[in-house]
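An overview of the molecular structure
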Amino acid sequence: MEITIKINGRMVSVEVSDEVAECYDQGRRKAENLSHEKRRHWDDREFDEYIVATEGLLPYQPTPEDIVCQRETLALLLSILDTCTAVQRERFLLYALYDYTYDEIGLIYGCSKYAVRDSIEAVRRKFQKFFLD
């Protein structure tokens, strides 16, 4: 497909693939829409800068530093869970990750909802103690 672009003030026709032409056209339309939006709200009273800043951005891509921090945090959380008994850990994960109620967990383990609550609270206290120290 052929598109026309401006290079050094001159209009030049360039042959590109359909995907590139579609992306170019989409970007051109977004820029035009933003221009119209800005013109409509010339005094900036209703113009939302957040919309302008986020238009056309790619989805979130973590940086290598973010990935390392996430892995370190996960390792830290798992090390705290390792200090709990197996039953406490399982009950806590069923409650925190899978949204089971105390009653449902009690039925699975054949105990009262109060025993489940006590197990989960013990794990919470360990997390709180670690993060407060």
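Residues numbered from 1 in each chain as written. Predicted model: local features only at pLDDT ≥ 70, side-chain atom pairs only at ≥ 80, totals over all residues. Heavy atoms only, no water.

1. Describing helix α6 (residues 113-132)
For α6, with 20 residues, the first-to-last C-alpha span of 28 Å sits near the 28 Å given by 1.5 Å per residue. Within α6, the full set of buried residues consists of Val-116, Ser-119, Ile-120, Ala-122, Val-123 and Phe-127. Looking straight down α6, one finds its buried side chains confined to an arc of 145°; they lie on one side. Turned more than 90 degrees from where α6 packs its buried face, Arg-125, Lys-129 and Leu-132 sit exposed. On the buried face of α6, the contacting elements are α3 (64-82), α4 (86-96) and α5 (102-109). (Helix = DSSP H or I, 4+ residues; strand = E, 2+ residues; numbered from the N terminus. Expected span 1.5 Å × (residues − 1). Buried < 20%, exposed > 50% of the residue type's maximum accessible area, 1.4 Å probe, protein only. Arc of directions from axis to C-beta. Contact = heavy atoms within 4.5 Å.)

2. Some thoughts on the packing of α5 against α6
Packing of α5 against α6 leaves a shortest axis separation of 8 Å and a crossing angle of 105°. The angle between α5 and α6 falls in the class roughly perpendicular. Residues Tyr-102, Asp-103, Ile-105 and Gly-106 of α5 form the contact with α6, whose own contacting residues are Lys-113, Val-116, Arg-117, Ile-120, Glu-121 and Arg-124. Looking at the contact of α5 with α6 residue by residue, the class counts come to four nonpolar, one polar and five charged. (Axes fitted to C-alpha atoms, helices over the stretch in contact; angles between N-to-C directions. Parallel < 35°, antiparallel > 145°, perpendicular 65-115°, else oblique. Nonpolar A, V, L, I, M, F, W, Y, C, P; charged D, E, K, R; others polar.)

3. Notes on the environment of Val-16
Inspection of the secondary structure assignment puts Val-16 in the loop between β2 (10-15) and α1 (18-40). The spatial distance from the C-alpha of Val-16 to the C-alpha of Glu-2 is 6.0 Å, given a sequence separation of 14 residues.

4. Concerning the nonpolar core
With 10 residues, the main nonpolar core is built from Ile-80, Leu-81, Cys-84, Phe-92, Leu-94, Ile-105, Val-116, Ile-120, Val-123 and Phe-127. Broken down by secondary-structure element, the contributors of at least two residues to this core are α3, α4 and α6. No other element matches α6, which puts four residues into this core. In contact with Leu-94, not counting residues within four places along its chain, are Asp-99, Tyr-100, Ile-105, Ile-108 and Tyr-109. (Core = buried A, V, L, I, M, F, W, Y, C linked by side-chain atoms within 4.5 Å.)

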